[in-house]
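Examining the three-dimensional arrangement
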Amino acid sequence: MRTATLHRLDAAWQALRLWLGATVLPAQCALCGIGCPEVLCSPCRAQYLGLLRPRCRQCANPLDDVALLCGRCVRHSPAYDATITAFDYAAPADQLLLQLKFGARLALAPLLAQLLHVAIKQQQAWQAPQLLCPVPLGPARLAERGFNQALEIARPLARLLEVPLQPRLALRVRDTRAQSGVAPQERQANLAHAFAIAPEHAPLLQGCHVGIVDDVMSSGHTVNALAAACKGAGAARVSILVVARTPPH
């Protein structure tokens, strides 16, 4: 009953937003700036976000063929079992995430969740997780930014997938430097022992399939560290649901 009510409220809000956008409050496309009632215009969506490409099923790195796993995952299997992403973290689509993360455009979070939901539904062997866990921020970073972009994306995604959201399942017990500012060879050490599972929520993980939600996946060390913490607490499977994947350099 509660899920049906939420769906009706979401549908009513979407209809109202479209009407306001078309009549009273004309908006602009977040990528090209053209006036449109949606956050993203149809041409930009089709040109930059409408293409699927072969990817490694475990880490979502792009592949040249339809092989199931990339060579890196074959040689060194990560703690997580699968990764799904909506698009590559590259211009101009990366602006959507930059505007959310550093411009506090929280209205972009539902769009990013929708794009990720579309990518998830296109997976042939999709196994729905039993709960979603956003990658947590440390207290200092959360106070500085004022919000957790992973949680902002995870909220609408949980509604779309009809999967419970557990925003306090994982804790960032050690503030770390931003991975983007750390040398590649130091990134794994930067995240060592950074995450822990909240003791009161640990029983939820026993034999559970967890979906970890984040905005961008680059080296994969962040989600790998959190996946390892989940499995150490009893999770049977961990899937990474990330809006954008940085292509390997």
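The text that follows walks through the structure, step by step, so that each part is easy to find. What you see is a predicted model; the values in this text were computed from it and never measured. (Residues numbered from 1 in each chain as written. Predicted model: local features only at pLDDT ≥ 70, side-chain atom pairs only at ≥ 80, totals over all residues. Heavy atoms only, no water.)

**Quick look at the side chain of Thr-85**
Mapped onto the elements, Thr-85 comes out in strand S3 (residues 82-88). Among the polar contacts made by the side chain of Thr-85, one reaches the main-chain carbonyl oxygen of Val-242 at a distance of 3.1 Å. A polar atom in the side chain of Thr-85 sits 3.3 Å from the backbone nitrogen of Arg-245. (Helix = DSSP H or I, 4+ residues; strand = E, 2+ residues; numbered from the N terminus. Polar contact = N/O pair within 3.5 Å; in protein donor to acceptor, adjacent residues only side chain to side chain.)

**A few points about the nonpolar core**
Among the nonpolar cores identified, the biggest contains 37 residues, and Phe-87, Leu-96, Leu-112, Leu-157 and Leu-241 are the most heavily contacted of them. Broken down by secondary-structure element, the contributors of at least two residues to this core are helix H2 (42-49), S3, helix H4 (94-103), helix H5 (108-121), helix H7 (149-161), strand S7 (209-217) and strand S8 (237-245). Among the elements that make up this core, the one with the highest residue count is H5 (nine residues). What Leu-157 contacts, discounting residues up to four positions off in sequence, is Ala-113, Leu-116, His-117, Ile-120, Leu-132, Val-213 and Leu-241. Counting 31 residues, the second largest nonpolar core, distinct from the first, contains Ala-79, Ala-170, Cys-230 and Ile-240. (Core = buried A, V, L, I, M, F, W, Y, C linked by side-chain atoms within 4.5 Å. Buried < 20%, exposed > 50% of the residue type's maximum accessible area, 1.4 Å probe, protein only. Contact = heavy atoms within 4.5 Å.)

**Re the pattern of salt bridges**
Summed over all chains, the structure comprises five salt bridges. When the shortest N-O distance is used, the salt bridge between Asp-88 and Arg-55 registers 2.8 Å. Placement of Asp-88 in strand S3 and of Arg-55 in the loop between H2 and helix H3 (71-75) is noted, with a sequence separation of 33 residues between them. Judged by relative accessible area, which is 16%, Asp-88 ranks as buried. The partner of Arg-155 in a salt bridge is Glu-152, and the shortest N-O contact between them spans 3.1 Å. On the criterion of helical spacing, the pair formed by Arg-155 and Glu-152 is a turn pair, its members being three residues apart in helix H7. The exposure class of Arg-155 is partly exposed, given its relative accessible area of 37%. The exposure class of Glu-152 is buried, given its relative accessible area of 18%. (Salt bridge = Lys/Arg side-chain N within 4 Å of Asp/Glu carboxyl O.)

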